[in-house]
Amino acid sequence: MALIRIRNLVKQFGNHTVLDGVNLDLQKGEMKVVMGPSGCGKSTLLRCINRLVEPTSGTILVRDQDIMGAEVDVRALRQSIGFVFQQFALYRHLTVLGNVMLGLRKLRGMSRAEAEAQALFQLNHLEMADHRDKYPSQISGGQKQRVAIARALAMDPAVVVFDEPTSALDPVMVREVADLFNRLNREGVTLLCVTHDLALASQIANRVLFLDQGVIRADDTLENLAKHHPNDQVRAFFGEKEGRS
Amino acid sequence: MNFFELVAQLAQGLVSTVVVTLVCSGTGMAVGLTVAGLRRMGYARVVPFLDGFTYIFRGVPVLVLLFLVYFGLPSVGIKVGPLLAMALSLGLIAGAYLAEVFRGALDSVEASEILAAEAMGMSRFQILTSIEFPQMLRLAVPGMINEFTSILKYSPFAYTVGIAEITKQAMTLTATTLRGIEIYLAVGVLYFLIYRILLAGVHYLEKRYQVPGLGTT
Ligand SMILES: Nc1ncnc2c1ncn2[C@@H]1O[C@H](COP(=O)(O)OP(=O)(O)O)[C@@H](O)[C@H]1O
Ligand SMILES: [Mg+2]
């Protein structure tokens, strides 16, 4: 049973078709990478999964439940999917600790002490406990990302999705992010990551999905995509940037 | 009676002035937050009412509304006490202005953080109270100070409905001593002191809840 199963997903904004029949499976424990050029609909795809964006048609099953069903509790669905945004979107008025505690307090109904213990556990896990009392404006991009991950993991989600995890970071951080993702995945976290960073993709996945013109155009190893894919553009996308990594 | 004795006499009205100012500020805050919050929650059906409220209450003179509430309502059988009448006039008008201040400050709350809170599964109301209001209040301090200050400056209207605040005391005192210049100078000094204390209080709160990277300083 796939944790997430997407079939024929279509999303139109007005008469602009962004997703035009996407199929995707994500197994429990898997780390999957979706690549594609800027504007191809990667963020839209992720946002359909937790209904931040309403799909136009198609089905999305999360743990075998059709999330488009009328009886679906959207807020419960969202709580089961950890979302790490491109700019991390930490709450500016809360400390590092406060950011991780908020969901535990408001959504899990934990007492302050319980929430603090759980939040500190996650921050420790991401080596951010020393920064617990700092505000988002006082920490670096990489540290913000770790807090955002701790905030997502604290809710014990079935999967954590990442939107362009390296785009807001210094390129030298890619190695660190890759190591972190690999570690989390080894520890059993299911990850779905969309990116156009080839360096990151090559360090966290053997196979990647290529999203282009609204569909998954390829599902292959990076090497095959760069060297043997029949389409020039696809080869160019995966080849051209390889030099940078 | 020397100048300081005059001030001491006038100070008897001080408590009333402070109470009127605090009650109207409190009403204004509650109304302003409710109006700005309801608008933010995106209930399309209430928006015309909110627009109507701010449109009307920002346009009505305080004294006219005060008389309407205090002298007008009893004629339809609703008796309103002086303090409540102040809250329902000056307080509501301040609420209409504060709602606009809050609306502007709410627009400065990062959309990405609201989206992150939605993605986490928080309800619209939880987002309003846990993310938007806490950030907005820090951003709205200058506008709030303006509004509290004008409430203080409108508080003398309270004497027209029988609240013996500073100005009322001054009028009584002037009538008996005929030392108008000194008395009204002293009144000015008292209002100035209240204003400075009010300001210090707001600045204390601002500092207490100050967050690096957010707000005016
Ligand atoms: N809310 C929206 N309304 C209209 N068009 C949108 C909206 N969100 C995204 N789009 C459009 O959909 C396309 C895909 O956007 P996005 O999913 O952000 O791409 P990516 O994340 O791959 O860069 C873009 O052309 C973008 O302009
Ligand atoms: Mg994107």
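Residues numbered from 1 in each chain as written. Chains lettered and ligands numbered in written order. Predicted model: local features only at pLDDT ≥ 70, side-chain atom pairs only at ≥ 80, totals over all residues. Heavy atoms only, no water.

A. Spatial organisation of the overall build of chain A. Scanning chain A for helices and strands turns up nine helices and ten strands. Here the C-alpha radius of gyration of chain A, 18 Å, is about what a compact globule of 245 residues would show, namely 18 Å. Counting only C-alpha atoms, chain A reaches 55 × 45 × 35 Å along its principal axes. Expressed as a percentage of the 245 residues in chain A, the buried residues total 55%. Pairs at least 24 residues apart make up 65% of the contacts formed inside chain A by residues separated by at least 6 positions. Accessible surface computed for chain A: about 10700 Å², of which carbon and sulfur atoms make up 44%. Separation of charge centres in chain A, based on 30 positive and 28 negative side chains, amounts to 4 Å. (Helix = DSSP H or I, 4+ residues; strand = E, 2+ residues; numbered from the N terminus. Rg over C-alpha atoms; globule rule 2.2 N^0.38 Å. Buried < 20%, exposed > 50% of the residue type's maximum accessible area, 1.4 Å probe, protein only. Contact = heavy atoms within 4.5 Å. Areas by Shrake-Rupley, 256 points an atom, 1.4 Å probe, with all protein chains shown as cover. Lys, Arg positive; Asp, Glu negative; His and termini not counted. Charge placed at Lys NZ, Arg CZ, Asp CG, Glu CD.)

B. Summary view of the pattern of salt bridges. One pass over the full model with this rule turns up 22 salt bridges over all chains. Across the salt bridge formed by A:Glu187 and A:Arg183, the nearest N and O atoms sit 3.2 Å from each other. Notably, a salt bridge pairs B:Asp107 with B:Arg40, separated by 3.4 Å at the nearest N-O pair. In this pair, B:Asp107 is assigned in the loop between α5 (82-106) and α6 (111-120) and B:Arg40 in helix α2 (residues 14-41), connecting sequence segments 67 residues apart. Since its relative accessible area comes to 21%, B:Arg40 is described here as partly exposed. One salt-bridge network, in which partners are shared between bridges, spans A:Glu127, A:Arg146, A:Arg183 and A:Glu187. (Salt bridge = Lys/Arg side-chain N within 4 Å of Asp/Glu carboxyl O.)

C. Highlighting the site of ligand 1. All names here are of chain A. Taken together, the neighbourhood of ligand 1 is formed by Phe-13, His-16, Val-18, Pro-37, Ser-38, Gly-39, Cys-40, Gly-41, Lys-42, Ser-43 and Thr-44. Cys-40 places a main-chain nitrogen or oxygen 3.2 Å from an oxygen atom of ligand 1. Out of a free accessible area of 560 Å², ligand 1 has 56% covered by protein chains. Elements represented by at least two residues in the shell around ligand 1 include exactly β2 (16-26) and α1 (42-49). By residue number, the principal contributor to the shell around ligand 1 is α1, which donates three residues. Each residue belonging to the shell around ligand 1 can be placed in one class, and the counts come to four nonpolar, six polar and one charged. (Near = heavy atom within 4 Å. Polar contact = N/O pair within 3.5 Å; in protein donor to acceptor, adjacent residues only side chain to side chain. Nonpolar A, V, L, I, M, F, W, Y, C, P; charged D, E, K, R; others polar.)

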